[in-house]
Every structure is written in structure tokens, then in C-alpha cells.
Amino acid sequence: MGEQPTNWFISHWWGEAIWLFVGCILEHCRVRGHGDNIPYWCCAYANNQHDLGKDLSVDPRNTSFFRAMQLCIGVLVVLDPEATPF
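Residues numbered from 1 in each chain as written. Predicted model: local features only at pLDDT ≥ 70, side-chain atom pairs only at ≥ 80, totals over all residues. Heavy atoms only, no water.

A. The arrangement of a nonpolar patch on the surface in detail. Nonpolar side chains collect at one region of the surface, where Ile-18, Trp-19, Leu-20, Val-22 and Leu-26 lie side by side and expose about 540 Å² of accessible area between them. When you line up the elements, Ile-18 lands in helix α1 (residues 18-32). For Ile-18, a relative accessible area of 60% gives the class exposed. (Patch = residues over 30% accessible without salt bridge, like charges linked within 9 Å, V, L, I, M, F, W, Y side chains within 5 Å. Areas by Shrake-Rupley, 256 points an atom, 1.4 Å probe, with all protein chains shown as cover. Salt bridge = Lys/Arg side-chain N within 4 Å of Asp/Glu carboxyl O. Helix = DSSP H or I, 4+ residues; strand = E, 2+ residues; numbered from the N terminus. Buried < 20%, exposed > 50% of the residue type's maximum accessible area, 1.4 Å probe, protein only.)

Spelled out as C-alpha cells, the structure:
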């Protein structure tokens, strides 16, 4: 299997239950009329989780988040019930 380009970059609040996170993605697919094969990229995978400081920069355009978002057609922000974005 080769590379799989992504369509949507997901940013989320780390405190949500996984079933709420997945439910938001499923609802996004339904509302957008996507099938089962639309690739999503969760923000956690844009960073090296073993060296988070490596991807920090004064200029946001030099971060792995920015580079990952540039490859996508859009960003999906998953909010908690109080609309807390991060």
C-alpha cells in the first residue's frame, strides 16, 4: 500500500470521550455526503509525540500542523459540549 493523501485535518479537544470524537467525524461525513473512504488526519499525528518541542516555532508556518493542514482540503474542529476548541 502506498501513500494515502488526506482530505481533512482534525483538530480536537483532548478531553472528549473517544465515542464523541468518532461521532463528530461520522456526522461530518454524513453532512458532507462523504463515503467510507475519505481520509482524515488527526492533529496528534502531525507531531512527533516523543519530541513535541521539535515542532514548536515562533512562526506558525514552520510547524508540522501548518504543513499537514496545507495538504488538506479543509480543517474539522471538534468541540466539546461547551464549545471549547482546545
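Next, the rest of the story.
B. How the structure looks around the sheet that holds strand β3 (residues 74-78). Taken in spatial order, the three strands make up an open sheet running β2-β1-β3, and their pairing is parallel. Among the strands making up the open sheet, the edge pair consists of β2 (40-42) and β3. Taking each pair of neighbouring strands and ignoring which way they run, the sheet shows an average axis angle of 30°. As paired strands, strand β1 (residues 8-12) and β2 are joined by three bridges and run parallel to one another. Within β2, the residue paired with Ile-10 across the bridge is Cys-42. Those strands touched by α1 are β1, β2 and β3, and its axis lies near 145° from that of β1. (Pairing = 2+ DSSP bridges. Axes fitted to C-alpha atoms, helices over the stretch in contact; angles between N-to-C directions. Contact = heavy atoms within 4.5 Å.)

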